[in-house]
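Here's the letter readout for the chains.
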Amino acid sequence: MKKTLAFMAISLSATSSMAQPVSGTALLQGITQVRTALKASAGASAACETPQSNTCEFNGYCGKMAEKASEFYLYRDAEGRTVPNVQMIGALSMAEFCAKNPFPQAVVQDPFVFADQFLSEERAGGKEQLKKNRALLKQSEKRVVKIFDDMKTRVIRMLESRRTSANAAAIDNMIGRIRTVTYKPADTDGAYGDLAMQGCTGPNGYYSPDDHAITVCPQSLNMPEASLFSLMAHEIGHAFDPCTMTMGRNKDGLVTPDWMEGRRTTGKETFAPVFMEQNPFKSVVSCLQKPDSLNVQIPSAKQLISDVDKFEQDLKNEMGEMEDLQGEGEEAPARDATMARFEDERQKIKDNYDKFKYCSSLTKSGHIAEAFSDWIAAEAIAEKIKEIPESSKKKEFAFASQSHFYGTSCPNVLQASLNKVSSATKGSCPELQEFMKSQASAADHGSKDIYGVDTHPMTDQRIDRIYYGKPEVREALGCKGGNHGQACK
């Protein structure tokens with residue numbers, strides 16, 4: 001997938017560089033053409049059939065999704081719950097940006113896609129419509145709470161099934177943490193910028209260790225039940241992932257060590273830390289690091305220290321060049337203080353690596369926590385599927401459990417969406433080309449947060465090796481083989 005997407009980015013750029021300049025009128029006509037087609041497709045009321053792929057692979061299903069890449073919704077389940085075509089909507093937004101935002105009204109009045117329609121009377125289309133949207137939001141939150149409660153029950157049941165006399169204390173610790181996780185709706189009382197600051201710029205959900213709560217963004221609330229179940233099962237996995245369990249928890253949040261950035265809490269621990277030697281999922285964490293599973297790479301202490309050494313040497317070289325130009329002057333004390341911090345960083349790694357190597361604040365990689373949470377979600381999904389009597393509903397649940405990824409991360413859908421918008425606008429939007437390049441780069445190198453932390457493993461690997469690694473999921477989908485790895489147990 002990586003090389004193909006990068007090649008397509010180059011191809012589109014080369015094509016656009018030969019395109020003739022397009023007048024403002026032609027650009028607006030192209031955008032209007034795409035908007036009209038999307039609006040028409042969004043009005044379709046019939047339920048979509050669950051896609052069928054010959055192999056249990058993310059890219060196989062992405063190929064099927066690409067057939068609907070020109071539509072506003074990629075998927076609609078039997079209940080009418082939808083998966084929006086986020087990549088097409090994003091490509092269209094880029095084109096509208098090129099045209100100086102000439103379309104103030106959203107292409108479709110769907111507040112679950114354009115969340116500002118929950119917040120703004122103008123964007124909703126009037127006072128009465130805003131009131132209806134807000135009522136719909138409350139109704140949807142009630143639905144998601146029911147799914148949340150069901151998900152918690154099943155994850156707890158899975159933990160109880162793994163209890164032995166040797167691990168009972170640790171299992172009970174984990175169950176206690178899960179029982180106390182709450183559902184916290186996103187704050188929708190402010191402006192859209194406030195919602196975005198919470199992490200809700202699109203379909204998303206997150207676990208907050210400070211609040212010990214899971215939030216689902218408004219843009220995800222109308223997705224199929226299975227998608228919400230999977231999303232929240234993944235997030236609850238972070239309440240007891242390999243990093244979180246190395247810290248105690250009290251009524252105010254995690255009890256973090258002094259060297260770790262974040263909110264400090266004091267007071268009696270409600271739940272004690274559980275380090276890897278006593279962790280009931282030690283074998284799972286080890287399995288996820290094997291090449292025939294997800295092949296999660298955890299940097300060694302030696303590698304981390306080497307990175308600090310390199311950064312220090314690069315800075316010394318830069319400072320030396322400055323001193324050659326300006327003389328040592330008054331910068332020497334600041335330089336010495338900076339070098340002392342490098343030594344502190346090396347000592348922090350040496351002192352804490354064995355206990356906290358699963359924490360991104362030490363290793364700058366969150367892959368093992370994400371892989372573990374994927375595994376927890378896959379276990380819960382498999383148990384849920386077993387209890388669904390009808391094969392068609394089993395299949396729908398199995399597919400829809402990953403449908404949020406198909407809406408946001410399919411390279412085939414991205415390519416088809418960009419081709420459609422680029423063709424309609426005669427390749428006249430340079431921002432659209434840059435958007436494609438950035439998406440290709442993310443596909444090649446994975447995602448990092450603002451602190452340089454590798455946040456998630458590659459999407460296709462996560463789904464192929466974890467979710468489609470479950471026999472129950474493959475059987476429900478009716479697909480054979482695929483790139484699924486060793487099923488960790």
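Everything quoted here is computed from the prediction, not taken from an experiment.

## Digging into the overall build of the chain
Helix and strand content of the chain: 20 helices and nine strands. Expressed as a percentage of its 489 residues, the buried residues of the chain come to 50%. Expressed as a percentage of contacts within the chain between residues at least 6 apart in sequence, the contacts between residues at least 24 apart total 71%. Accessible surface, the chain: about 23200 Å² in total, of which carbon and sulfur atoms supply 52%.

## Some details on the side chain of Gln 402
Along the chain, the position of Gln 402 falls in the loop between α15 (391-400) and α16 (403-408). In this structure Gln 402 comes out as buried when scored by relative accessible area, which is 0%. Every residue in contact with Gln 402, bar those within four places of it in the chain, is listed here: Ser 230, Ile 381, Ile 463 and Tyr 467.

## Side note on the environment of Ile 388
Structurally, Ile 388 is set in the loop between α14 (367-386) and α15. A C-alpha to C-alpha distance of 10.0 Å links Ile 388 and Ala 476, two positions 88 residues apart in sequence.

## With respect to the pairing of strand β1 (residues 73-76)
Relative to strand β2 (residues 82-84), β1 is paired through three bridges, and the arrangement is antiparallel. Counted as the bridge partner of Arg 76 is Thr 82 from β2. The hairpin turn running from β1 into β2, its antiparallel successor, is five residues long, and Gly 80 in that turn takes a positive phi close to 85 degrees.

## Looking at the sheet that holds strand β3 (residues 182-183)
Hydrogen bonding along the main chain pairs the strands of a sheet, whether they run parallel or antiparallel. Strands sit in the order β3-β5-β4 across an open sheet of three strands; the sheet is mixed. If you trace the sheet from one side to the other, it starts and ends with β3 and β4 (205-208), each paired once. Bridge analysis of β3 against strand β5 (residues 213-216) gives two bridges, and the strand direction is parallel. Looking at β5, one finds that Thr 182 is bridged to Ala 213. Strands in contact with helix α9 (residues 225-237) are β3, β4 and β5; relative to β5, the strand with the most contacts, it is inclined by about 150 degrees.

## Points about the side chain of His 404
Within the secondary structure, His 404 sits in helix α16. Residues within four places of His 404 in sequence aside, it is in contact with Met 223, Ser 227, Ser 230 and Leu 231.

## Remarks on empty space enclosed by the protein
If you walk through the whole model with that rule in mind, you get three cavities of 30 Å³ or more. Within this model, the largest cavity holds a volume of roughly 60 Å³. In this structure, the largest cavity is lined by Ser 293, Trp 375, Ala 378, Arg 465, Ile 466, Gly 469, Lys 470, Gln 486, Ala 487 and Cys 488. Those elements that provide at least two residues to the lining of the largest cavity are α14 and α19 (459-467). A class-by-class count of the residues in the lining of the largest cavity yields five nonpolar, three polar and two charged.

Thresholds, definitions, all that
- Every chain is numbered on its own, with residues counted from 1 as its sequence reads.
- A pLDDT threshold of at least 70 governs which residues receive local features in this predicted model, and a stricter bar of 80 or more applies before side-chain atom pairs are shown or counted, although totals over entire chains, interfaces and linings include all residues.
- Working from all heavy atoms in the structure, the side-chain values ignore hydrogens and water.
- Labels follow the DSSP assignment, with helices taken as runs of H or I lasting at least four residues and strands as runs of E lasting at least two, numbered in each case from the N terminus.
- When a residue's accessible area, from a 1.4 Å probe over protein chains only, is under 20% of the maximum for its type it is buried; when over 50% it is exposed; and in between it is partly exposed.
- Note on contacts: a residue pair qualifies if any of its non-hydrogen atoms lie within 4.5 Å across the two residues.
- Here, Shrake-Rupley sampling with a 1.4 Å probe gives the accessible areas, and only protein chains in the shown set may cover a residue.
- Two strands make a pair as long as DSSP finds a minimum of two bridges between them.
- In this description, a line fitted to the C-alpha atoms serves as the axis of each element, helices being fitted only across the stretch in contact, and the angle between N-to-C directions of two axes falls anywhere from 0 to 180 degrees.
- Cavities and pockets are found on a 1 Å grid laid over the protein atoms alone: a cavity is a set of points where a 1.4 Å probe fits but cannot escape, a pocket is an open set with protein on both sides within 12 Å along at least five of seven lines, and a lining residue has an atom within 4 Å of such a point.
- Grid points are joined across faces, edges and corners, and a volume is the space filled by probe spheres set on the points.
- When residue character is reported, Ala, Val, Leu, Ile, Met, Phe, Trp, Tyr, Cys and Pro are called nonpolar, Asp, Glu, Lys and Arg charged, and the others, Gly included, polar.

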